[in-house]
Amino acid sequence: MEERVFPHGQLVVAREEQVPLEGVHENGNFQFGAERLFGDEDVDDQHEKEMSATPDLDKWRATLQVAFLGGDVVDVLLSACSLVSDVKSSVQLANRLQHNMQLVLISGGRLLLDSETALPLMGRNVTAVVTRRDLDPAAAAHLKESTGKEEGDVLDLLEFTMDFRDSEMKLVADILMVVQPRRVIFSGALEGSSLEVLSSEITVDLDLETLQIRAPVPEKLNLLASILRRCPLLRACYICGELEAVHVAGLRSEFAAQIVI
């Protein structure tokens, strides 16, 4: 007589000649013998119970609460593989940030890294803080080259003294959107399609109050108008060049700001 313990915790005493424990499963369990002793239905029921006790990580979901300092709370739906960067994206989607601002998350007295998994944050206090975004290195270098100023300086006035190429206008647009100066002077020429590129790259409103720019050809004044529409606080626009009143009549009728030629 031989005692055998099956994977479902049942002790069976049987004579091998009466119930041969044949058909050993590849994982070492005497599953086929158990099925002959207890029936297929009991084994299947036990298997379903074991599987139901194991969470399906692909379907696992939970809600993380992220609180702003002002008291607003954003509920973020997490999956088992969510990262902190995913949490930040969800919070930013719920609270649209200005282009020159960035979101940081704090928990346990430290800044959370984008690459961290978000699952350990469940049940912990997570605080969202909005701070001013830094210029990327290329834009910061271009700011110093074209204006002689650095990001840490007081930047209410920016004067771009160099002529610009089309390829540089994305950096100029980023500088304007991040730094948000109140006065801007373009002493250099905007050559080629640079004015067109600048108008398309400025995607948020600017705090600009005064703009001084070299006059484009009359046919490109519509591009200047596109930029001015992103300047709701504009008080004066100085267009330096050979333009006549008839050329800027459309600008003067559309904008409350003073258009000076």
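Residues numbered from 1 in each chain as written. Predicted model: local features only at pLDDT ≥ 70, side-chain atom pairs only at ≥ 80, totals over all residues. Heavy atoms only, no water.

Trainee: Explain the overall build of the protein residue by residue, including any values.
Mentor: Check the secondary structure of the protein and you find eight helices and twelve strands. Scored against the burial criterion, the 261 residues of the protein give a buried share of 34%. Long-range contacts, defined as pairs at least 24 residues apart, comprise 57% of the intrachain contacts of the protein with a sequence gap of at least 6. Of the roughly 15500 Å² that the protein leaves accessible, carbon and sulfur atoms contribute 49%. (Helix = DSSP H or I, 4+ residues; strand = E, 2+ residues; numbered from the N terminus. Buried < 20%, exposed > 50% of the residue type's maximum accessible area, 1.4 Å probe, protein only. Contact = heavy atoms within 4.5 Å. Areas by Shrake-Rupley, 256 points an atom, 1.4 Å probe, with all protein chains shown as cover.)

Trainee: I'd like a description of the confidence of the model for the protein, backed by residues and values.
Mentor: Taken over all residues, the pLDDT of the protein has a mean of 77, while the share at 70 or more is 69%. pLDDT under 50 marks residues 5-38. Its contacts with residues more than four places away, or in other chains, come to 49 contacts. (pLDDT = per-residue confidence, 0-100.)

Trainee: I'd like a description of the pattern of salt bridges, backed by residues and values.
Mentor: One pass over the structure, following the stated rule, counts six salt bridges. Between K88 and D114 there is a salt bridge, with its nearest N and O atoms 3.0 Å apart. Separated by 26 residues along the polypeptide, K88 in helix 3 (residues 84-94) and D114 in the loop between strand 6 (110-111) and strand 7 (126-132) bring together distant segments of the chain. For D114, a relative accessible area of 39% gives the class partly exposed. Of the charged contacts, one joins E254 and R229 as a salt bridge, the two residues approaching to 2.6 Å between their closest N and O atoms. Placement of the pair is E254 in helix 8 (residues 249-254) and R229 in the loop between helix 7 (221-228) and strand 11 (236-240), with a sequence separation of 25 residues. For E254, a relative accessible area of 40% corresponds to the partly exposed category. (Salt bridge = Lys/Arg side-chain N within 4 Å of Asp/Glu carboxyl O.)

Trainee: Outline the sheet that holds strand 9 (residues 183-186), listing residues and values.
Mentor: Spatially, 8-9-10-11-12 is the arrangement adopted by the five strands of the open sheet, whose pairing is parallel. With partners counted over all chains shown, the strands left at the sheet margins are strand 8 (157-160) and strand 12 (258-260), one partner each. Taking each pair of neighbouring strands and ignoring which way they run, the sheet shows an average axis angle of 10 degrees. Pairing between strand 9 and strand 10 (residues 210-214): three bridges, direction parallel. Among the inter-strand pairings, R183 is bridged to a residue of strand 10, identified as T210. Its contacts with the sheet put helix 5 (residues 169-179) on strand 8 and strand 9, and the angle it makes with strand 8 is roughly 170 degrees. (Pairing = 2+ DSSP bridges. Axes fitted to C-alpha atoms, helices over the stretch in contact; angles between N-to-C directions.)

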